[in-house]
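The lines below spell out each chain.
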Amino acid sequence: MTTKTGDQESPQASASQVDQPSVKRAPPPETPAALQTRFRVIAAFWAVIIFLGFPIWWKTTSIYRASLPIEEMVDWADSKACRPVFPLEIHLATPSLQSFEAQHLLRTTQHTLDDLNEFAAHHLRLKLTNGSTAAGHNGKDSPESVKYPAEETADIALTVRLLPQDGLAGPCDDTARYLLPAEPGPCTFLLQFPLSTFIAAELQRLYSEEKATIAHILSGNTAGLDSTSPQLAEEIDRRLRRSMKYAETYHLSFSLFTPRSEPSSWDIEAAVHEYVSPLLQALSPISNFTVDTQVQLYANFAPTAPKPEYDESEAAWTLKKEDLSAFVNAAEWPLNPSIGSGPTINFILYVPDPSQSPLIIKENHASSWMIPQWGGVFLLNPPLSHTDNQGGPSNPAHLSQDSLGPAFMTFSHQLLTLLGTPSTPACLPLRLQTSIRIRAASLLLSASSTMGSLARLTESLPSIPIPATVATSVSTTLSHLGASCAHLREGRFGAALASARVAETEAERSFFEKSMVGQVYFPDEHKVAVYLPLLGPIGVPLLVGLLKELKRIAARRKAKGAAS
């Protein structure tokens, strides 16, 4: 037994304290006021988040998506909204025939055309120039025979004139099958069937390439046309591959290149005015054109380009066909790929060095060639006028309009090819009218396809914005597509092309909207990476506090239920 002496503790007392278990004191119970205060604080935080923070975040981060007529856009892409048709109105002038004879010839020719036609979207409608109704109405007045106002009149594709010819052996002569005599004889009605067959066959032949081209554009091939030969189908496919994509404005660049200091000037303005401007004026309903010119001296071949070879049998310098692709020295020659918004069509007039003149193509002895979807090149070999300082021949210092004539006539032909103008018929105005119908078909199909692509894009990517400008462009596109289809149905091809041009421009503008394209490259994973570091430290304490408060409320209710 020990006792505590002074500051020392007895061993007995220490052992008793160690043997006693330690008791943990519980915190004092919270007052109802404190519990209510804590509940109000947590509720206030969550009220601010739910009723103020979340709406502000939703408003400031939400993506505006304008309403688009998705179903209508898809219908246009699937060719459900419009099936393009091309009714060509052809007038038949018969000044030497009486009215009932002309009507009979009209009906028989129309029936023959209908029997020969194998492409329903492209058909020929015959009418008499005196305003009589077309075949199929039996000469009786109908609502379709009422004259439209001037702006609503269908375009006249062609006028066929049957002119009398004197000196025929008789009305039953073989030649009379195609040329009616001035005084119709007793065999007239017997001969009109061969005449109607001839007229129908000529019209079918005249528009065979146009029909095959439109069928190729609308369906992608000409397999459904039995009358289209494999050679014609290959020619159409080749022409479409070589031609440039349609644009509202093309920039024509005429360049004079020479490896020496001469020629240094040319009558380019007079040559363009004489050979190019009339063609551009005729093409104005299809596209707009701007013209730029330049002269580049000391324009040498590329170091890696094959050099011309001298052919003694031809007494000329020659270039091989396989070497023409490397002729244009794109690295050193100032050829701009584009000027402004539209594509550039380059035309190069190259005057070779006198020591390499004349310069021609070896295989076909030609002096020009075309580069698909780019432009054309012409090798001009002018007569060597005088001797230079070294005593050798030199090129003339100036190229006159007459010397430029062959080159610019070639450039005009190349321009038509690059714009996709068909090679037939031989008459240029008819070819330009065909180009209007072909361009109207291609633009209508392109704008419709763009609408379908835009509809699929907006449905597959719900995170991209759709600004109001896109909705406006889509509305304008659909409106002009409908107008273009209506104009085609009525045979107003010029108006149809004008509407299709607007539709194509607006469709491209809506599809390539910058704000839409930029948002495509911002996926949801990026949003998580941005929000998680900001909201994690704030959201975890708030969420844990809310859970604890909910557990406390649930425990209190459970205790009250057990007590009762």
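> Run through the overall build of the protein, naming residues and quoting values.
Each helix and strand counted, the protein has 14 helices and 16 strands in total. Residues counted as buried form 39% of the 564 residues belonging to the protein. In the protein, the proportion of contacts linking residues at least 24 apart, taken out of those at least 6 apart, comes to 76%. Carbon and sulfur atoms make up 58% of the accessible area of the protein, which totals about 31,500 Å².

> Could you give an account of the sheet that holds strand β7 (residues 309-311), with specific residues and numbers?
Taking strand neighbours across the sheet as the criterion, the 3 strands line up as β7-β8-β11 in an open arrangement whose pairing is mixed. Two strands lie at the open edges of the sheet, namely β7 and β11 (359-361), each paired on one side alone. On average, each strand axis in the sheet is tilted by 45° relative to the strand beside it, whichever way the strands run. Across 3 bridges, strand β8 (residues 316-319) lies against β11 in parallel orientation.

> Residue-level account of unusual backbone geometry, with values.
Look at the link from E262 to P263: it is a cis peptide, with omega at -5°. Position of P263 among the secondary structure elements: in the loop between β4 (249-257) and β5 (265-266). The step from T424 to P425 runs through a cis peptide bond, and the omega angle for that step is 0°. With respect to the secondary-structure elements, P425 resides in the loop between α9 (401-418) and α10 (428-460). For Y298, which is not glycine, the phi dihedral falls at a positive 55°. The phi dihedral of H365 is positive, around 60°, even though this residue is not glycine. For H365, the location among the structural elements is in the loop between β11 and β12 (368-371).

> Provide a residue-level description of empty space enclosed by the protein, including the pertinent values.
Where empty space is left in the structure can be found by rolling a water-sized probe over the atoms. With the rule as written, the count across this model stands at 3 cavities of 30 Å³ or more. Its boundaries defined by the atoms lining it, the largest cavity holds a volume of some 50 Å³. If you trace the largest cavity, you find it lined by Q110, L113, D114, N117, H122, H123, L124, Q204 and K211. Of all the elements in the fold, those that place two or more residues in the lining of the largest cavity are α4 (99-116) and β2 (122-128). When its residues are assigned to classes, the lining of the largest cavity shows 2 nonpolar, 5 polar and 2 charged.

> Residue-level account of the sheet that holds strand β1 (residues 86-93), with values.
Strand order in the open sheet made by the 3 strands is β2-β1-β3, with parallel pairing throughout. Pairing within the sheet leaves two strands with one partner each, and these edge strands are β2 and β3 (156-161). Here the strands of the sheet are splayed against their neighbours by 30° on average, with no regard to which way each runs. Where β1 lies against β3, 5 bridges are found, and the strand directions are parallel. Looking at β3, one finds that H91 is bridged to T159. Where α4 meets the sheet, its contacts fall on β1 and β2, and the angle it forms with β2 comes to roughly 175°.

> Quick one: what's the story with the environment of R83, residue by residue and with numbers?
One can find R83 in the loop between α3 (70-77) and β1. Note: C-alpha distance between R83 and L488 (405 residues apart in sequence) is 9.8 Å.

> Go over α3 with me, naming the residues and quoting the values.
Looking only at α3, the buried set comprises I70, M73 and W76. Within α3, the buried residues cover an arc of 125° as seen down the axis, which keeps them to one side. Of the surrounding elements, those touching the buried residues of α3 are α10 and α11 (468-490). Note on α3: the residue one or two positions beyond its end, S79, has a positive phi of about 60°.

Rules behind the numbers
Residues numbered from 1 in each chain as written. Predicted model: local features only at pLDDT ≥ 70, side-chain atom pairs only at ≥ 80, totals over all residues. Heavy atoms only, no water. Helix = DSSP H or I, 4+ residues; strand = E, 2+ residues; numbered from the N terminus. Buried < 20%, exposed > 50% of the residue type's maximum accessible area, 1.4 Å probe, protein only. Contact = heavy atoms within 4.5 Å. Areas by Shrake-Rupley, 256 points an atom, 1.4 Å probe, with all protein chains shown as cover. Pairing = 2+ DSSP bridges. Axes fitted to C-alpha atoms, helices over the stretch in contact; angles between N-to-C directions. 1 Å grid on protein atoms, 1.4 Å probe; cavity = no way out; pocket = protein on both sides within 12 Å on 5 of 7 lines; lining within 4 Å. Points joined across faces, edges and corners; volume = space filled by probe spheres on them. Nonpolar A, V, L, I, M, F, W, Y, C, P; charged D, E, K, R; others polar. Arc of directions from axis to C-beta.

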